[in-house]
Amino acid sequence: MSQNYLIVTGGSRGIGLETAKLFSQNNYKAFNLSRKPCPADSVTSIAVNLAQPDFAEDIKTQLIPQIKDADKVILVHNAAQLKKDTVENIEADSLRQVMEIGVVAPTILNRLLLPYMPPKSSIIYVGSTLSEKAVAGAFSYVVSKHTTIGLMRATCQDLMDSQIYTACVCPGFTDTPMLRDHLNNDEEIIEQIKGMNAQNRLIHPAEIAETIYFAATNPVMNGAILHANMGQKER
Ligand SMILES: NC(=O)c1ccc[n+]([C@@H]2O[C@H](COP(=O)([O-])OP(=O)(O)OC[C@H]3O[C@@H](n4cnc5c(N)ncnc54)[C@H](OP(=O)(O)O)[C@@H]3O)[C@@H](O)[C@H]2O)c1
């Protein structure tokens, strides 16, 4: 029987958790990389802080020995942090932390794991609506998420002859702890946000997981940016 693996960052909650669960249901052995463990029993968690460059040592000793027999590896770069900052008040160390998680850690993971990824494997980046536009007050997030598209495009070109595929899934407003924390769980603002798309609701994280699954398992999507936001009203 073929052995397929999912490796997802940020699978302890939100979109990453739903992604780990969905791939598990589809006979992938799922590994989660985040600080807290994934609550799903079917998922193996390896505790790492992606903002600390030494996390690579744990990947070498704890993850790589477990995926050496892989027929296929799906690597999903999902972890991120959303801070409230602006071009006027951003602190360099804060920007560094966001970029470590969103840009440097995916690069380290790609380099470590690519030698163990057979043809038909894929690397999926999770971007955002803010990968291609900006809003005020989310400086480091907007910068990092624009870079996510650069990561995906460079990955696509460099791996063109490898039969390893890539794509960037860009969610809209999704009902996760990240969004609710950012909005201070203010129901009035959440209602306003719901009104910004065609269906007057937040996206369920399982819907984004399905989009990630589709992108990861359909090589025709190689190089694609998939906006999964139910349409957004422009103001
Ligand atoms: N929710 C939305 O509306 C929305 C919209 C557009 C794009 N997105 C994107 O979708 C992805 C998932 O977001 P979400 O809404 O599910 O966020 P979330 O609920 O905040 O989950 C974020 C995940 O990232 C992990 N993480 C954060 N810092 C980490 C670190 N230093 N080291 C390791 N893991 C870390 C967290 O795990 P630990 O805390 O356990 O480490 C958590 O599992 C992100 O890339 C986000 O930018 C979300």
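Owing to the predicted nature of the structure, the values given are computational and were not obtained by experimental measurement.

**Student:** Which parts of the structure should I look at to understand the sheet that holds strand β5 (residues 122-126)?
**Tutor:** Sheet strands pair via backbone hydrogen bonds, and the direction of the pair is either parallel or antiparallel. The strand order β3-β2-β1-β4-β5-β6-β7 describes an open sheet built from 7 strands, whose pairing is parallel. Edge strands, defined here as strands with exactly one partner in the open sheet, are β3 (43-47) and β7 (224-228). Within the sheet, the average angular offset between the axes of one strand and its neighbour, ignoring direction, is 20°. The sheet contact formed by strand β1 (residues 4-9) and strand β2 (residues 28-34) spans 6 bridges and is parallel. Looking at the pairing, tyrosine 5 lines up with lysine 29 of β2.

**Student:** Just to check I follow, could you spell out the pairing of β1 for this structure?
**Tutor:** Along any regular strand the residues' side chains alternate between the sheet's two faces. The buried fraction of β1 amounts to 6 of the 6 residues, a majority that puts the element mostly inside the structure. Going residue by residue along β1, you find Asn4, Leu6 and Val8 tucked away on one face and Tyr5, Ile7 and Thr9 tucked away on the opposite face as well. Running through helix α1 (residues 14-25), the crossover from β1 to the neighbouring parallel element β2 is right-handed. Sheet topology note: the β1/strand β4 (residues 72-77) ladder contains 5 bridges and is parallel. By the bridge assignment for β4, asparagine 4 is matched with lysine 72.

**Student:** Just checking my understanding: could you explain unusual backbone geometry for this structure?
**Tutor:** Peptide bonds are trans in most cases, and residues, glycine excluded, mostly fall at negative phi. Its identity as a non-glycine residue notwithstanding, asparagine 27 has a phi of 70°, on the positive side. Relative to the helices and strands, asparagine 27 is located in the loop between α1 and β2. On the accessibility criterion, asparagine 27 (63% relative accessible area) is exposed. One non-glycine residue with positive phi stands out, namely methionine 230, at about 60°. Note on placement: methionine 230 falls in the segment after β7.

**Student:** What should I look at first to understand the pattern of salt bridges in this one?
**Tutor:** Considering all chains together, one arrives at 8 salt bridges under this definition. The salt bridge partner of aspartate 181 is arginine 13, with a shortest N-O separation of 4.0 Å. Of this pair, aspartate 181 sits in helix α5 (residues 177-182) while arginine 13 sits in the loop between β1 and α1, and the two are 168 residues apart along the sequence. Among the residues examined, arginine 13 registers a relative accessible area of 39% and is labelled partly exposed. Ionic pairing is found between lysine 194 and glutamate 191, a salt bridge with its closest N-O pair at 3.0 Å. Within this pair, lysine 194 and its partner glutamate 191 are both found in helix α6 (residues 187-194), separated by 3 residues, close to a single helical turn. Taking the relative accessible area as the measure of exposure, lysine 194 reaches 22% and is therefore partly exposed. Among the charged side chains, a network of salt bridges with common partners joins Asp175, Arg180 and Glu187.

Definitions and cut-offs
All residue numbers refer to positions counted from 1 along the written sequence of the respective chain. Totals for whole chains, interfaces and linings use all residues, but because this is a predicted model, local features are given only for residues with pLDDT of at least 70 and pairs of side-chain atoms are given and counted only at 80 or more. Computation of side-chain values: all heavy atoms of the structure, hydrogens and water removed. Two strands form a pair only when DSSP identifies at least two bridges running between them. In this text, helices come from DSSP runs of H or I with a minimum length of four residues, and strands from runs of E with a minimum of two, each type numbered from the N-terminal end. In this analysis, axes come from line fits to C-alpha atoms, helices being fitted only over the stretch in contact, and the angle between any two N-to-C directions falls in the range 0 to 180 degrees. Burial here depends on accessible area, computed with a 1.4 Å probe over protein chains only, as a share of the maximum for the residue type. Under 20% is buried, over 50% is exposed, and the range in between is partly exposed. Handedness of a crossover is defined as follows: with both strands directed away from the viewer, a clockwise route from the first strand across the helix to the second makes it right-handed. One speaks of a salt bridge when a side-chain nitrogen belonging to Lys or Arg is within 4 Å of a carboxyl oxygen belonging to Asp or Glu.

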